[in-house]
Amino acid sequence: GGVFFERENQSLMNVDDVKRELGAARLLEIEAIFKEYDTDNSKTITPDELRAILVRIDERATPERVEEIMASADLNADGVVDWNEFLMMVYSSEKAGHETSFAKVYRKVKATVVRGVGDAQHSYTEEERVSFSEHINHVLGGDDDCAPYLPLDPHSEDLFTKLGDGVLLCKLINDSKPNAIDERALCVRQDMSIFHKKQNLNLAINSATAIGCQVVNVQPEAIMEGRPHIILGL
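Residues numbered from 1 in each chain as written. Predicted model: local features only at pLDDT ≥ 70, side-chain atom pairs only at ≥ 80, totals over all residues. Heavy atoms only, no water.

Caption draft 1: Here's a closer look at helix 2 (residues 24-37). The terminal C-alpha atoms of helix 2 lie 20 Å apart, and with 14 residues this matches the ideal 20 Å at 1.5 Å per residue to within 8%. By the burial criterion, the buried members of helix 2 are Arg26, Leu27, Glu29, Ile30, Ala32, Ile33, Phe34 and Tyr37. (Helix = DSSP H or I, 4+ residues; strand = E, 2+ residues; numbered from the N terminus. Expected span 1.5 Å × (residues − 1). Buried < 20%, exposed > 50% of the residue type's maximum accessible area, 1.4 Å probe, protein only.)

Caption draft 2: Geometry of the confidence of the model for the protein chain. When pLDDT is averaged across the protein chain, the result is 83; 85% of the residues are at 70 or more. Long-range and interchain partners of residues 4-11, a stretch whose pLDDT sits below 50, account for 17 contacts in this model, where long-range means more than four residues apart. Within the model, pLDDT remains below 50 along residues 112-121, and this stretch shows 26 contacts once partners closer than five positions in the same chain are excluded. (pLDDT = per-residue confidence, 0-100. Contact = heavy atoms within 4.5 Å.)

Caption draft 3: Spotlight on the packing of helix 9 (residues 167-176) against helix 10 (residues 194-210). Following both chains from N to C, one finds helix 9 and helix 10 inclined at 30 degrees, their axes separated by 8 Å at the closest point. The angle between the axes of helix 9 and helix 10 places the two elements in the roughly parallel class. The crossing of helix 9 and helix 10 is left-handed. Within the contact between the two elements, helix 9 uses Val167, Leu169, Cys170 and Ile173 and helix 10 uses Asn200, Leu201, Leu203, Ala204, Ser207 and Ala208. (Axes fitted to C-alpha atoms, helices over the stretch in contact; angles between N-to-C directions. Parallel < 35°, antiparallel > 145°, perpendicular 65-115°, else oblique. Left-handed = near helix turned anticlockwise from the far one by under 90°.)

Caption draft 4: Up close: the side chain of Arg65. Note on placement: Arg65 falls in helix 4 (residues 63-73). Judged by relative accessible area, Arg65 falls into the buried class, the value being 17%. Every residue in contact with Arg65, bar those within four places of it in the chain, is listed here: Leu54, Glu59, Arg60 and Ser101.

Pasting the structure below:
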């Protein structure tokens, strides 16, 4: 049978449903992190591999601690955490707020590897994502046009998913250099078309270049897809 978990006030979710909801790009990111643990490429995380991760991040790695963390994610109790179990742990932590001890370790070790253009590897840290998210919440929190997007949850993918229509990016540019963008040209409708999203993003990219930001080969589609290294680069 498949792997299931129960979200509060919702029915059981199958791992296939979770994969469809997350989408291909996000699955690649999570898989890259899984491989940080799975050093022998067995498609499972063993207690020894978890212990090595704990040592790497200066966490207590006693046998009792390792056993407790493994048990929090090992849904079928076979002594290892496989890819589906790892995926459900990440999903339930980020989407349902179910913070297991394995999820806490996952967040701490997450120097996240993502796939960029040409399958190149790019990294960003949890601290970068939290810092940028909190900055946006602080400087744009009073803007009525930004209210539907804010506050960003620093420990979720909000930073990458909510910048995809260009509104927050354009507002950020105007915060750093007032009136760099004529906001009358900005579409702020919540049901905007892909055309309007690209129009907003092109406005942001061109304006960022005009005020001295280094913007090289950045396309609106990459921002719409929520590619972390592109967004953090901006």
